[in-house]
Amino acid sequence: MTYVVTEPCIKCKYTECVRNCPVICFHEGANMLVIDPDDCIDCGACVDPCPVHAIFPEKSVPEEWKHYIPLNAKYSKIWPAITIPKKPLPEANEFSKKEEKMSFFDENPGTGDIQ
Ligand code: SF4
Ligand code: F3S
């Protein structure tokens, strides 16, 4: 199993989730993070720190967000790893209240902190 970052992360990217992760499994895109399913050890330490509740165990991902399971698997192999929290996106507070954010998904990589 793995944990999965879903839609509420888009345009927020608070990055608090990476703080307690015991392995290197978060990867940074331009406006969201994803989790590498091959590296996640299912500890659940990333769930509570996320202010927008974007992270779910794979088996509990809400039906409308199931497509984030392959999205995490795909982009975690492309985007750089991130291990240290950084500032949220400037629009984070505004977008934390929005729904239906998939159209804002940006497939470009973020800067990460491990190359
Ligand atoms: Fe990291 Fe644990 Fe979250 Fe997996 S469940 S991404 S290992 S903190
Ligand atoms: Fe995204 Fe929440 Fe982490 S907004 S970057 S999953 S703290």
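Above: the structure in question.
K.L.:
Teacher, can you tell me more about unusual backbone geometry here?
P.N.:
The phi angle of most residues is negative, glycine excepted, and most peptide bonds adopt the trans form. Its identity is not glycine, yet D42 carries a phi of approximately 65°, on the positive side. Tracing the backbone through its elements, the reader meets D42 in the loop between β3 (33-35) and β4 (55-57).

K.L.:
Sorry if this is basic, but what is going on with the site of ligand 1 here?
P.N.:
Near ligand 1 there are 13 residues, and of these C21, C40, C43, G44 and C46 occur at the shortest range. Of the residues assigned to the shell around ligand 1, the class counts are 12 nonpolar, 1 polar and no charged.

K.L.:
How do you make sense of the state of the cysteines when you look at a structure like this?
P.N.:
If you walk through the whole model with that rule in mind, you get 0 disulfides. Its sulfur unpaired, C12 is 7.1 Å from the next cysteine sulfur, which belongs to C9.

K.L.:
Sorry, what's going on with the side chain of T2 here?
P.N.:
Turning to its location among the elements, T2 is positioned in the segment before β1 (3-5). Since its relative accessible area comes to 4%, T2 is described here as buried.

K.L.:
I would appreciate a short explanation of helix α1 (residues 68-75) in the present structure.
P.N.:
What sets the pattern is the α-helix's 3.6 residues per turn: residues three or four places apart point alike. Buried within α1 we find Y68, I69, L71, N72 and Y75. Angularly, the buried residues of α1 cover 165° about the axis, an arc narrow enough to put them on a single face. Structurally, α1 contributes buried residues whose contacts are with β1 and β3.

K.L.:
Mind showing me how you'd approach the site of ligand 2 here?
P.N.:
Near ligand 2 there are 13 residues, and of these C9, T15, E16, C17 and C50 occur at the shortest range. Of the residues assigned to the shell around ligand 2, the class counts are 10 nonpolar, 1 polar and 2 charged.

K.L.:
Explanation requested: the nonpolar core in the structure shown.
P.N.:
Side chains of nonpolar character tend, in soluble globular proteins, to be buried together. Counting 33 residues, the largest nonpolar core has V5, F26, M32, I35 and I55 as its most contacted members. The set of elements that each furnish at least two residues to this core consists of β1, β3, α1 and α2 (92-95).

Criteria and cut-off values
- All residue numbers here refer to positions counted from 1 along the written sequence of the relevant chain.
- Following the order in which they are written, the chains are lettered starting with A and the ligands numbered starting with 1.
- Local features in a predicted model are, by the rule used here, given only for residues with pLDDT of at least 70; side-chain atom pairs are given and counted only at 80 or more, and totals for whole chains, interfaces and linings are based on all residues.
- Side-chain numbers come from the whole structure's heavy atoms, not from hydrogens or water.
- Only runs of H or I of at least four residues qualify as helices and only runs of E of at least two qualify as strands under DSSP, and these elements are numbered from the N terminus.
- Proximity is defined per residue: any heavy atom of the residue falling within 4 Å of a molecule or strand makes that residue near it.
- Three categories are distinguished: nonpolar for Ala, Val, Leu, Ile, Met, Phe, Trp, Tyr, Cys and Pro, charged for Asp, Glu, Lys and Arg, and polar for the others, with Gly belonging to the last.
- The rule for a disulfide is simple: a pair of cysteine sulfur atoms within 2.5 Å.
- Three exposure classes are used, based on accessible area relative to the maximum for each residue type with a 1.4 Å probe and protein chains only: buried under 20%, partly exposed in between, and exposed over 50%.
- For this quantity, the arc is that covered by the directions from the helix axis to the C-beta atoms.
- Throughout, a contact is declared for two residues whenever any of their heavy atoms are within 4.5 Å.
- Within this scheme, the nonpolar core is defined by two criteria: the residues are buried Ala, Val, Leu, Ile, Met, Phe, Trp, Tyr or Cys, and they are joined through side-chain atoms within 4.5 Å.

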